[in-house]
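Secondary and tertiary structure notes
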Amino acid sequence: MPSVCFCLTYVLSLCLGLLCLLFVTFWSSHWRGGFSWDSSALEFNWHPVLMVSGLLVLYGYAVVVYRLPFTWSQKKHIWKLVHAGLMLLALVLSVLGLCAVFDFHRGIQAPHLYSLHSWVGICTVVLFAVQWVLGLGGFLLPCSPLWIRSSLKPVHSWMGKAILILSVTACISGITEKLLFTLNGDSTEPYSSLPAEAKFVNSLGLLIVAFGLVTFGILSNKKWQRPEEDAESVQPLLNVHSP
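Residues numbered from 1 in each chain as written. Predicted model: local features only at pLDDT ≥ 70, side-chain atom pairs only at ≥ 80, totals over all residues. Heavy atoms only, no water.

This next bit is on the overall build of the protein. Across its full length, the protein holds eight helices and zero strands. In the protein, the succession of helices and strands from N to C terminus is α-α-α-α-α-α-α-α. Here the protein has a C-alpha radius of gyration of 20 Å; the compact-globule value for 243 residues is 18 Å, and the two agree. Across its three principal axes, the protein shows a C-alpha extent of roughly 65 × 40 × 25 Å. (Helix = DSSP H or I, 4+ residues; strand = E, 2+ residues; numbered from the N terminus. Rg over C-alpha atoms; globule rule 2.2 N^0.38 Å.)

A separate point is unusual backbone geometry. Backbone geometry places Gln109, a non-glycine residue, at a positive phi of 55°. With respect to the helices and strands, the residue Gln109 is situated in the loop between helix H4 (76-108) and helix H5 (116-140). Positive phi outside glycine occurs at Leu113, with the angle close to 50°. With respect to the helices and strands, the residue Leu113 is situated in the loop between H4 and H5. Owing to a relative accessible area of 37%, Leu113 belongs among the partly exposed residues under this scheme. (Buried < 20%, exposed > 50% of the residue type's maximum accessible area, 1.4 Å probe, protein only.)

Moving on to the pattern of salt bridges. Taken as a whole and judged by the stated rule, the model has two salt bridges. In this structure, the salt-bridge partner of Arg32 is Glu197, at a minimum N-O distance of 2.9 Å. With Arg32 in the loop between helix H1 (4-31) and helix H2 (41-44) and Glu197 in helix H7 (residues 196-220), this pair connects stretches of sequence that are 165 residues apart. Overall, Arg32 belongs to the partly exposed group, its relative accessible area being 22%. Among the salt bridges present, the one from Arg106 reaches Asp103, with a minimum N-O distance of 3.5 Å. (Salt bridge = Lys/Arg side-chain N within 4 Å of Asp/Glu carboxyl O.)

It helps to recall that an α-helix has 3.6 residues per turn; residues three or four apart then point in one direction. If you check helix H3 (residues 46-63), its first and last C-alpha atoms are 24 Å apart, about what 18 residues at 1.5 Å a residue would give, namely 26 Å. The principal kink in H3, of about 30°, is found at Ser53. Summarising burial for H3: 17 of the 18 residues are buried, a large majority. (Expected span 1.5 Å × (residues − 1). Bend = angle between axes of the 7 residues up to and from the residue.)

Here the focus is the packing of H1 against H7. Interhelical geometry of H1 versus H7 gives an angle of 150° and a closest axis separation of 9 Å. Judged by the inter-axis angle, H1 sits roughly antiparallel to H7. Considering the relative orientation of H1 and H7, their crossing is left-handed. (Axes fitted to C-alpha atoms, helices over the stretch in contact; angles between N-to-C directions. Parallel < 35°, antiparallel > 145°, perpendicular 65-115°, else oblique. Left-handed = near helix turned anticlockwise from the far one by under 90°.)

With that settled, consider the confidence of the model for the protein. Per-residue confidence for the protein gives a mean pLDDT of 91; residues scoring 70 or more make up 92%. At the level of individual helices and strands, the protein shows its lowest average pLDDT in helix H8 (residues 230-234), which scores 49, and its highest in H3, which scores 98. (pLDDT = per-residue confidence, 0-100.)

Moving on: the nonpolar core. The nonpolar side chains of a soluble globular protein tend to be buried, and buried together. Within the largest apolar cluster, 44 residues are counted, with the highest numbers of intra-cluster contacts made by Trp27, Val52, Leu56, Tyr59, Phe128 and Ile208. For this core, the elements supplying multiple residues, two or more each, are H1, H3, H4, H5, helix H6 (146-183) and H7. Setting aside anything within four residues of it in sequence, one finds Val52 in contact with Cys20, Leu21, Val24, Val57, Cys171 and Ile208. (Core = buried A, V, L, I, M, F, W, Y, C linked by side-chain atoms within 4.5 Å. Contact = heavy atoms within 4.5 Å.)

In the structure shown here, the tally under the stated rule is 11 aromatic pairs. On the numbers, 5.9 Å between centres and 10° between planes, the contact of Phe6 with Tyr10 is stacked. Taken together, the residues span about one helical turn, with Phe6 and Tyr10 both in helix H1 at a distance of four residues. Neither Phe6 nor Tyr10 differs from the other in exposure class; each is buried. Ring pairs connect the aromatic residues Phe23, Phe26, Trp31 and Phe200, which therefore count as one cluster. (Phe/Tyr/Trp six-rings, centres within 6.5 Å; stacked < 30°, edge-to-face > 60°.)

Together, Leu88, Val92 and Leu96 line one region of the surface with nonpolar side chains, adding up to about 220 Å² of accessible area. As for its position among the elements, Leu96 is in helix H4. What makes Leu96 partly exposed here is its relative accessible area of 38%. (Patch = residues over 30% accessible without salt bridge, like charges linked within 9 Å, V, L, I, M, F, W, Y side chains within 5 Å. Areas by Shrake-Rupley, 256 points an atom, 1.4 Å probe, with all protein chains shown as cover.)

If you want it as C-alpha cells, here you go:
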C-alpha cells in the first residue's frame with residue numbers, strides 16, 4: 001500500500017504542476033495579449049507556455065511514473081511505454097516552444113542565443129533529446145547488449161534529475177528576462193515598482209521552484225522507488241524472441 005506521505009507529496013506535485021500551467025497561460029493571455037503564429041509578440045507568448053508545459057510540468061510528471069505504487073503490480077514494460085510516450089510528448093512541446101521563439105526573433109530581426117537563459121534552455125532541450133534517444137536504444141530496443149543496459153541505468157537516472165534542475169533554471173531565468181524586457185522597456189510601471197504583472201509572474205516562479213523541489217524529492221527518496229525484478233529490469237521491451 002502507498003504511504004500517506006507519498007500520496008500527499010504526489011498530489012502536491014500534481015497540483016503545483018497544474019498551477020504552473022494555469023499561471024503561465026493566464027500571464028500570456030491576460031497581460032501579454034494572447035497567442036498567434038505570425039512572428040509577432042503574440043507568437044512569442046507560445047514560448048513560455050510550451051516550455052513550462054513540456055520541459056517542466058509534463059517532464060516532471062513523466063519522471064515519477066515508476067514511483068506510483070499502483071503500477072508496481074503491473075508489467076513494467078507497459079509503464080516503460082507510458083514513460084517514453086510522455087517524455088516524447090514533452091520533448092515535442094519543448095521543440096515547438098523553441099520554434100516559436102526562433103521564429104519571433106527572425107520576425108523582428110533579433111539575434112539568437114545570446115543570453116544565459118537561452119544557453120541554459122537550448123542545452124537542456126539538447127540533453128533531453130539525447131536522454132530520450134539513449135533511453136530508447138538502451139531500454140526499449142533489443143539491439144543493445146545486457147552490459148550496456150546495466151551501465152546506462154544509473155546514468156539515465158542521473159541525467160533525468162539533471163534535466164529537471166536545468167528545466168527549473170531555464171524557466172525561472174526566462175520569465176525574469178521577459179519581465180525585465182517588457183516592464184522596463186515599454187511599460188509605465190518598471191519591474192522594480194512591482195506592478196500586478198510582476199507580482200503574478202514572481203508567484204509563477206515560486207510555483208515552478210516548488211514543483212521542481214517536490215518532484216526532485218520524489219525522485220530522491222529510495223523508499224518510493226519501484227521494487228526491481230532482475231529479469232524484468234534488464235529485459236528490453238521490444239525483444240520479440242523473449243518468452
